[in-house]
Amino acid sequence: MTFDFMDQLPKFGVLGLGLIAFVLVVLAVLYVGNLVPDKEKSPIAGAVFLVPTLLMVGIGLVVPAIRTTILSFTDATGEEFVGLANYIWMFTEPEMLKVVGNSVLWVVLTPLLATLVGLVYAVIIDKSRFEALAKTLVFLPMAISFVGAAIIWKFVYDYKQIGDQIGLLNQIMVWLFGENATQHWLALPFWNNLFLIAVMVWIQAGFATVVLSAAIKAVPSEVVEAAKLDGANPWQMFWRVTVPSIRPALILVVVTVSIAALKLFDIVRTMTGGRDGTSVLAYEMFAQSFPAQQTGRGAALAVVLFVLVIPIVIYQVRNMRQRREVR
């Protein structure tokens with residue numbers, strides 16, 4: 001069974017661009033030229049922005065999603081239909097189960113740690129003398145690409161069997177415990193995943209700090225004063241006033257970091273290449289699709305990754321709607 005849709009995709013692309021241009025011209029003429037009554041201008045004005053967006057989403061997201069779903073039921077060549085074989089392989093192969101477990105570990109730990117670090121940091125620096133400088137310093141890692149951050153931390157974890165240690169962590173171990181205390185940190189089973197997660201937390205903590213700091217400053221002063229008059233101590237102020245007041249911001253940070261952790265690729269690719277039990281779903285999708293030339297398996301991994309992201313997105317959308325209704 002051969003799927004030749006992709007061979008015809010360039011033709012569809014040209015037709016799609018032509019259709020977009022035609023629609024834009026027609027709508028612009030109708031709206032700007034006042035060829036329709038005033039009461040109909042508003043829907044047309046909306047269509048000027050909506051139609052191109054829908055076409056772009058269709059060409060750039062819907063069509064590839066359909067194509068990927070079809071490929072997930074095919075063999076390594078993407079031509080022969082194999083049913084659910086790729087999905088059965090994914091959830092029965094021991095190595096793949098480890099990959100799925102690693103992804104779950106990333107999604108659980110990364111948002112929790114990044115949010116916790118960001119929240120504590122935001123509370124500590126709130127209204128301090130050097131608040132602006134402190135925020136700048138913690139936000140700097142966000143300006144570095146994931147690959148750049150991974151290279152920096154790869155030097156931190158670097159290990160030399162012979163000669164002087166150039167890795168910061170191993171050099172500290174030498175100073176504290178001697179030469180025999182050094183470790184090949186990125187080759188330690190299970191723990192190497194935690195060392196990679198630390199890199200992601202380092203990057204995302206700045207984002208969490210900025211968002212949560214803004215939320216803390218938005219807490220009504222009347223609520224704070226009322227809590228103080230009731231005799232609330234700093235610990236009670238934090239748990240009973242600050243945290244409930246910034247709950248929407250906390251959810252936003254957790255959801256955003258969770259999605260980033262679920263689709264993570266760069267850090268694993270740069271630091272370990274998926275070796276020593278550090279592979280995750282996004283990296284394995286790349287590894288199966290290209291180096292291993294297993295098109296069907298790579299597509300199945302992409303579909304599962306997409307399905308796992310959907311509940312997180314739906315939760316965030318529902319949360320935003322509830323906030324609007326409350327307002």
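Remember, it's a predicted structure, so these values are computed and weren't measured experimentally.

On to the overall build of the protein, then. A tally of regular secondary structure across the protein gives 14 helices and 0 strands. In the protein, the succession of α and β elements from N to C terminus is α-α-α-α-α-α-α-α-α-α-α-α-α-α. Counting only residues that meet the buried cut, the protein has 37% of its 327 residues in that class. Considering only residue pairs separated by 6 or more positions, the protein has 67% of its internal contacts joining residues 24 or more positions apart.

Inspection of the entire model under this criterion finds 3 salt bridges. Here D126 ties to K217 by a salt bridge, and the two come within 3.1 Å at their closest N and O atoms. A residue pair is termed long-range when its members are at least 10 positions apart, and D126 in the loop between α4 (94–125) and α5 (131–139) and K217 in helix α8 (residues 191–217) qualify at 91 residues. Classification of K217 by relative accessible area gives partly exposed; the value is 44%. Through salt bridges that share partners, D126, E131, K135 and K217 make up one connected network.

Taken together, the side chains of V57, L61, V62, I66 and I70 present a nonpolar region at the surface, about 390 Å² in accessible area. Examined against the element boundaries, L61 turns out to sit in helix α2 (residues 41–71).

This brings us to the side chain of D158. Checked against the element boundaries, D158 lands in the loop between α6 (146–156) and α7 (168–177). The side chain of D158 sits in the buried core without any salt bridge; K160 is the nearest counter-charge, 4.3 Å away. Aside from chain neighbours lying at most four places away, what touches D158 is Q165, I166, G167 and N170.

Take the nonpolar core next. In this structure, W106, Y157, L196, V199, I267, V268 and M271 are the most contacted members of the largest nonpolar core, which totals 27 residues. Sorting the residues of this core by element identifies α4, α6, α8, α11 (247–262), α12 (266–271) and α13 (281–289) as the ones contributing at least two each. Among the elements that make up this core, the one with the highest residue count is α8 (7 residues). Setting aside chain neighbours within four positions, we find I267 in contact with F146, A150, L196, V199, M200, I203 and T272. Among the nonpolar cores identified, the runner-up in size contains 19 residues, and A208, L212, V241 and V253 belong to it.

Moving on to the packing of helix α3 (residues 85–92) against α4. For the pair α3 and α4, interaxial distance at closest approach is 5 Å and the crossing angle is 75 degrees. In terms of their interaxial angle, α3 and α4 are classed as roughly perpendicular. Here W89, M90, F91 and T92 of α3 lie close against α4, whose contacting residues are P94, M96 and L97. Broken down by class, the residue content of the contact of α3 with α4 amounts to 6 nonpolar, 1 polar and no charged.

A few words on a positive patch on the surface. A cluster of basic side chains, namely R318, R321, R323 and R324, defines a positive patch on the protein surface. Within the secondary structure, R324 is located in helix α14 (residues 295–326).

Packing of α8 against α11 brings their axes to within 9 Å, and their N-to-C directions diverge by 160 degrees. Accordingly, the angle class assigned to the pair α8 and α11 is roughly antiparallel. Here α8 and α11 pass one another in a crossing that is right-handed. Residue-level inspection shows M200, Q204, F207, A208, V211, L212 and A215 of α8 in contact with α11, the latter providing A249, L250, L252, V253, T256, V257, A260 and A261. Taken together, the residues that form the contact of α8 with α11 break down as 13 nonpolar, 2 polar and no charged.

Before going further, it helps to spend a moment on the environment of L252. You can see L252 is positioned in helix α11. Exposure remark for L252: the relative accessible area of 33% places this residue in the partly exposed category. Once the C-alpha coordinates of L252 and L212 are considered, the two residues, 40 residues apart in sequence, prove to be 9.6 Å apart. Aside from chain neighbours lying at most four places away, what touches L252 is V211 and Q316.

Moving on to the confidence of the model for the protein. For the protein, the mean per-residue pLDDT works out to 84, and 84% of the residues sit at or above 70. Within the model, pLDDT remains below 50 along residues 1–14, and this stretch shows 13 contacts once partners closer than five positions in the same chain are excluded. Segment residues 32–36: pLDDT under 50, and 8 contacts once partners within four positions in sequence are set aside and those in other chains are kept.

The next subject is α7. Among the residues of α7, those classed as buried are N170, Q171, M173 and V174. For α7, the arc enclosing every buried residue in end-on projection is 155 degrees, short of the 170-degree limit, so these residues lie on one face. For α7, the exposed residues lying more than 90 degrees away from the buried face are W175 and L176. Lining the buried residues of α7 we find α6. Downstream of α7 by a residue or two, G178 has a phi angle that is positive, lying close to 100 degrees.

Reading the values: rules and limits
- Positions within a chain are numbered from 1, following the residues in the order the chain's sequence is written.
- Given that this is a predicted model, residues contribute local features only at a pLDDT of at least 70 and side-chain atom pairs are listed and counted only at 80 or more, while totals for whole chains, interfaces and linings are drawn from all residues.
- The basis for the side-chain values is all heavy atoms of the structure; hydrogens and waters are excluded.
- Here a helix means four or more residues in a row that DSSP labels H or I, a strand means two or more in a row labelled E, and each is numbered from the N terminus.
- For the exposure calls, accessible area comes from a 1.4 Å probe over protein chains only, and a residue counts as buried if that area is under 20% of its type's maximum, exposed if over 50%, partly exposed in between.
- Contacts between residues were defined by any pair of non-hydrogen atoms, one from each residue, lying within 4.5 Å.
- Basic side-chain nitrogens of Lys or Arg form a salt bridge, by our definition, when they fall within 4 Å of a carboxyl oxygen of Asp or Glu.
- Put simply, a patch holds well-exposed residues, over 30% relative accessible area, that have no salt bridge, with like charges counted together within 9 Å and Val, Leu, Ile, Met, Phe, Trp or Tyr side chains within 5 Å.
- In short, Shrake-Rupley with a 1.4 Å probe defines the accessible areas, and a residue's cover is counted only from the protein chains shown.
- Charge counting treats Lys and Arg as positive and Asp and Glu as negative, with His and both chain ends excluded.
- For our purposes a nonpolar core is just a set of buried Ala, Val, Leu, Ile, Met, Phe, Trp, Tyr and Cys residues, chained together by side-chain atoms within 4.5 Å.
- Convention adopted: a line fitted to C-alpha atoms gives each axis, helices being fitted over their contacting stretch, and angles between N-to-C directions are expressed from 0 to 180 degrees.
- Angular relationships are summarised with four words: roughly parallel below 35 degrees, roughly antiparallel beyond 145, roughly perpendicular across 65 to 115, and oblique for the angles in between.
- Each residue receives one of three labels: charged for Asp, Glu, Lys and Arg, nonpolar for Ala, Val, Leu, Ile, Met, Phe, Trp, Tyr, Cys and Pro, and polar for the others, Gly being one of them.
- By convention, charge coordinates are those of NZ in Lys, CZ in Arg, CG in Asp, or CD in Glu.
- Crossing chirality is assigned from the near helix's rotation relative to the far helix, an anticlockwise turn below a right angle marking it left-handed and a clockwise turn marking it right-handed.
- As a per-residue measure, pLDDT reflects the predictor's confidence and takes values from 0 up to 100.
- Throughout, the arc means the angular range of directions from the helix axis out to the C-beta atoms.

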